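Each chain, letter by letter, is given below.
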Amino acid sequence: MFEVLPPLAPDPILGLSAAYQEDSNAHKIDLGVGVYKDEQGNTPILNAVAQAQKILLERETSKTYITPQGNQGYIDNMLSLLLGEKSPVLMADRVAAVQAPGGCGALRILSELLVRCNEKTKVWVSDPTWANHIPLIGSAGLQIETYPYFDKDTAGIRFDAMLDSLKKVEKGDVVLLHGCCHNPTGADLTKAQWDAVLEVAKEREFLPFLDVAYLGFGDSLEDDAYGVRLMAENLPEVIIAASCSKNFGLYRERVGLAAIVTADTKTRKVAQGQIMSVARGIYSMPPSYGGALVDIILSDTSLRKDWESEVNAMRNRMKTLRAMLVDKLHENGADKDFGFINEQKGMFSFLCISPEQVREVREKHSVYFVESSRVNIAGINQQNVDTLAKALVSVL
Ligand SMILES: Cc1ncc(COP(=O)(O)O)c(C=O)c1O
C-alpha cells in the first residue's frame, strides 16, 4: 500500500532546527522557528498561565467529553478580546464561533466551511505569506491566488500594487489578511491602509479572512485589533482564525478560535451548526485544557492584568531587540540601512538579504534562519547580538 507514496523533502523550518541541534559551534544562533524566547533562550510558561493551571487543577472534576464548539467561556472571552467588549456584531448576535485546535485548526476548519459554501472558492493570500497557509487552505480543496504585498528591495509594503490587485478580486472571493504582525515580513498595514482595504472589500464584495496569531505583539492588544474590528464592524461577513499559541505561550496546548461574522442571527445559527459539524467530522472536539486556562485568565480581573503585563513585556522586549540589532549592524559597518527592522512588528523581520547570503551566514557563522531571510527577533539576546551583527555584516 504505502510503497506508492513518494518521499517528501523535510519541512524547511523543522529541517533547520535539526541542523541547528547538530551544530557543535558554541556560538551558534537560532533565529528559525517562531516561538518567543526570553533572554536565556527559554520559552517560559507565563505566570498568569502557571496560576491558571493551579486553579484548573482544583476546579476540574471530570475528564468527560466537551462539546464540538469547545469551552463557551473561552469562546466568549476571546470574541470580546478580538472584537471589543461592546462590539456591535456581538451585541447583534451575528457571530458564530468554535474553539479550535490552535490557529492552524481554525484556519483549516474555516477553509472546510468555505468548501461547503462553494468548492470553487478562490482564496487570495499575500506574497509572501506564512508558508503553512498554503497547505492548510489548499488541502481543504480551495484554490489559492496571491496578491502583491512586500517588496524586498525597499523593505516595505507594495500597497498600491496590493490595492490594484484586490480591485480585480471577484465577488465571493476570499482575501486572507494578517490581523497584525505579518508573518513572515513583520510589515503591517497602517490604520489608513486598513481603511483603504475596507473600501475595496465593500466595492468588490470579497470576504476578508483574518488570521490573528500575534495579538498584542505589535503595538498593543487594542491597537493590534484595529483591522479585525474595522472589517467586522463594517462588512456583512468576515471570518477570523485566532491563535493563543504566542500571546499566551500555549503553543503545545493547541488553543485557537474560528469565528464567522454573519449578516444576521438566522445565518449565524446555521453557520454555528455547520462549523460544529465540520469540527465533528475532523477531530470531534477541541482539546479542553488550554482553552480552559485562557478562560480562567480572561475571566479574572487580576490574572488578566498579569497576563496583559506579560504580553506587554514580551512586545517591549522584542522592540528593544530590534533596536539593538539595528544599532549593532550599523556599528559594525553595515553598508545597508537596516532601519526598517525598527518599523516592522511582532516576532519576525525580513532582513531582505539574498538566499546565498543566508546560506553563507549559516555555513560560516552558524546563524540559522530560513532562506527567505525571515528571522525570529525573539531569538536575539544581549549575549548574541554582537556576534550576530558581525556575522551578518561579513556576508553583506
Ligand atoms: C500567521 C500564523 N497564523 C497561524 C498560526 C497558527 O499557530 P498555532 O496553530 O500554533 O496556534 C501561526 C503560527 O506560527 C502563524 O504564524
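Not measured: the values here are computed from a predicted model. (Residues numbered from 1 in each chain as written. Predicted model: local features only at pLDDT ≥ 70, side-chain atom pairs only at ≥ 80, totals over all residues. Heavy atoms only, no water.)

K.L.:
I'd like a rundown of the site of the ligand, residues and numbers included.
P.N.:
Contacts to the ligand come from 13 residues, most closely from Asp-211, Tyr-214, Ser-243, Ser-245 and Arg-254. In this structure, an oxygen atom belonging to the ligand sits 2.8 Å away from a main-chain N or O atom of Cys-104. Protein chains shield 92% of the accessible area of the ligand, which is 390 Å² for the free molecule. It is helix 5 (residues 102-117) that provides the largest number of residues to the shell around the ligand, a total of four residues. Residue composition of the shell around the ligand, grouped by class: five nonpolar, five polar and three charged. (Near = heavy atom within 4 Å. Polar contact = N/O pair within 3.5 Å; in protein donor to acceptor, adjacent residues only side chain to side chain. Areas by Shrake-Rupley, 256 points an atom, 1.4 Å probe, with all protein chains shown as cover. Helix = DSSP H or I, 4+ residues; strand = E, 2+ residues; numbered from the N terminus. Nonpolar A, V, L, I, M, F, W, Y, C, P; charged D, E, K, R; others polar.)

K.L.:
Could you give an account of the domain arrangement of the protein chain, with specific residues and numbers?
P.N.:
According to the domain assignment, the protein chain contains domain 1 (10-44 + 309-395) and domain 2 (49-299). Between the C-alpha centres of domain 1 and domain 2 the distance comes to 28 Å. Between domain 1 and domain 2, the residue contacts involve 22 residues of the former and 22 residues of the latter. Taken over both partners, the interface formed by domain 1 and domain 2 buries close to 1900 Å², and the fraction arising from carbon and sulfur atoms is 60%. Seen at the junction of domain 1 and domain 2, the total is two salt bridges. In this assembly, domain 1 and domain 2 are joined by ten residue pairs in polar contact (both at pLDDT 80 or more). When contributions to the side of domain 1 that touches domain 2 are tallied by element, the ones reaching two or more residues are helix 12 (301-331) and strand 11 (348-350). Here the side of domain 1 that touches domain 2 gets five residues from one element, more than from any other, and that element is helix 12. (Domains from an automatic or database assignment. Contact = heavy atoms within 4.5 Å. Buried area = accessible area lost by both parts, 1.4 Å probe. Salt bridge = Lys/Arg side-chain N within 4 Å of Asp/Glu carboxyl O.)

K.L.:
Can you explain the pairing of strand 8 (residues 207-212)? Please cite residues and give values.
P.N.:
Most of strand 8 sits out of view: six of its six residues are buried. Here strand 8 shows a buried face lined by Leu-207, Phe-209 and Asp-211 and a second buried face lined by Pro-208, Leu-210 and Val-212. Both strand 7 (residues 174-178) and strand 8 contribute to a ladder of five bridges, which runs parallel. If you follow Leu-177 over to strand 8, its bridge partner there is Leu-210. Traced from strand 7 through helix 8 (residues 191-204) to strand 8, the parallel crossover comes out right-handed. With four bridges joining them, strand 8 and strand 9 (residues 238-243) adopt parallel strand pairing. Among the inter-strand pairings, Val-212 is bridged to a residue of strand 9, identified as Ala-242. A crossover links strand 8 with its parallel partner strand 9, the connecting element being helix 9 (residues 226-234), and its sense is right-handed. (Buried < 20%, exposed > 50% of the residue type's maximum accessible area, 1.4 Å probe, protein only. Pairing = 2+ DSSP bridges. Right-handed = clockwise from strand over helix to strand, strands pointing away.)

K.L.:
Let's hear about the layout of surface pockets: which residues, and what values?
P.N.:
As a volume, the largest pocket reaches approximately 910 Å³. Along the wall of the largest pocket there are 36 residues; nearest its centre are Ile-13, Trp-130, Asn-132, Asn-183 and Arg-374. The set of elements that each furnish at least two residues to the lining of the largest pocket consists of helix 1 (12-22), helix 5, helix 6 (133-138) and strand 11. Residue composition of the lining of the largest pocket, grouped by class: 20 nonpolar, ten polar and six charged. Residues from two domains meet in the lining of the largest pocket; each of domain 1 (10-44 + 309-395) and domain 2 (49-299) gives at least three. Together, 26 residues line the second largest pocket, and Leu-114, Cys-117, Leu-207, Glu-237 and Ile-239 are the ones closest to its centre. Going through the elements one at a time, helix 5, strand 9, strand 10 (256-261) and helix 10 (265-282) are the ones with two or more residues in the lining of the second largest pocket. Split by residue class, the lining of the second largest pocket holds 15 nonpolar, six polar and five charged. (1 Å grid on protein atoms, 1.4 Å probe; cavity = no way out; pocket = protein on both sides within 12 Å on 5 of 7 lines; lining within 4 Å. Points joined across faces, edges and corners; volume = space filled by probe spheres on them.)

K.L.:
Go over the packing of helix 12 against helix 15 (residues 385-395), please, and point to the residues and values.
P.N.:
Think of two packed helices as two axes; the pair is described by the angle between the axes and how far apart they sit. Interhelical geometry of helix 12 versus helix 15 gives an angle of 50° and a closest axis separation of 9 Å. As judged from the angle between their axes, helix 12 and helix 15 are oblique. As helix 12 packs across helix 15, the resulting crossing turns out to be right-handed. Within the contact between the two elements, helix 12 uses Met-324, Leu-325, Lys-328 and Leu-329 and helix 15 uses Val-385, Asp-386, Leu-388, Ala-389, Leu-392 and Val-393. Residue composition of the contact of helix 12 with helix 15, grouped by class: eight nonpolar, no polar and two charged. (Axes fitted to C-alpha atoms, helices over the stretch in contact; angles between N-to-C directions. Parallel < 35°, antiparallel > 145°, perpendicular 65-115°, else oblique. Left-handed = near helix turned anticlockwise from the far one by under 90°.)

K.L.:
Could you give an account of unusual backbone geometry, with specific residues and numbers?
P.N.:
Most of the time, phi is negative for any residue but glycine, and the peptide bond is trans. The omega torsion of the bond from Asp-127 to Pro-128 falls at 5°, within 30 degrees of zero and hence cis. Omega for the bond connecting Asn-183 with Pro-184 falls within 30 degrees of zero, at 20°, which places this linkage in the cis form. Considering the arrangement of structural elements, one finds Pro-184 in the loop between strand 7 and helix 8.

K.L.:
Give a description of empty space enclosed by the protein that names residues and reports values.
P.N.:
All told, the structure shown has three cavities of 30 Å³ or more when counted by the stated rule. The wall of the largest cavity is formed by Tyr-147, Tyr-149, Leu-177, His-178, Gly-179, Cys-180, His-182, Asp-188, Leu-189 and Trp-194. Its residues assigned to classes, the lining of the largest cavity comprises six nonpolar, three polar and one charged.

K.L.:
Quick rundown of the nonpolar core? Include the residues and the values.
P.N.:
Within the largest apolar cluster, 105 residues are counted, with the highest numbers of intra-cluster contacts made by Met-78, Val-197, Ile-240, Leu-257, Trp-307 and Phe-369. Broken down by element, the residue count for this core peaks at ten residues, all from helix 12. Of the residues that make up this core, three or more belong to each of domain 1 (10-44 + 309-395) and domain 2 (49-299). Counting residues in hydrophobic clusters, the runner-up holds 25 residues, among them Val-123, Val-125, Val-174 and Ile-260. (Core = buried A, V, L, I, M, F, W, Y, C linked by side-chain atoms within 4.5 Å.)

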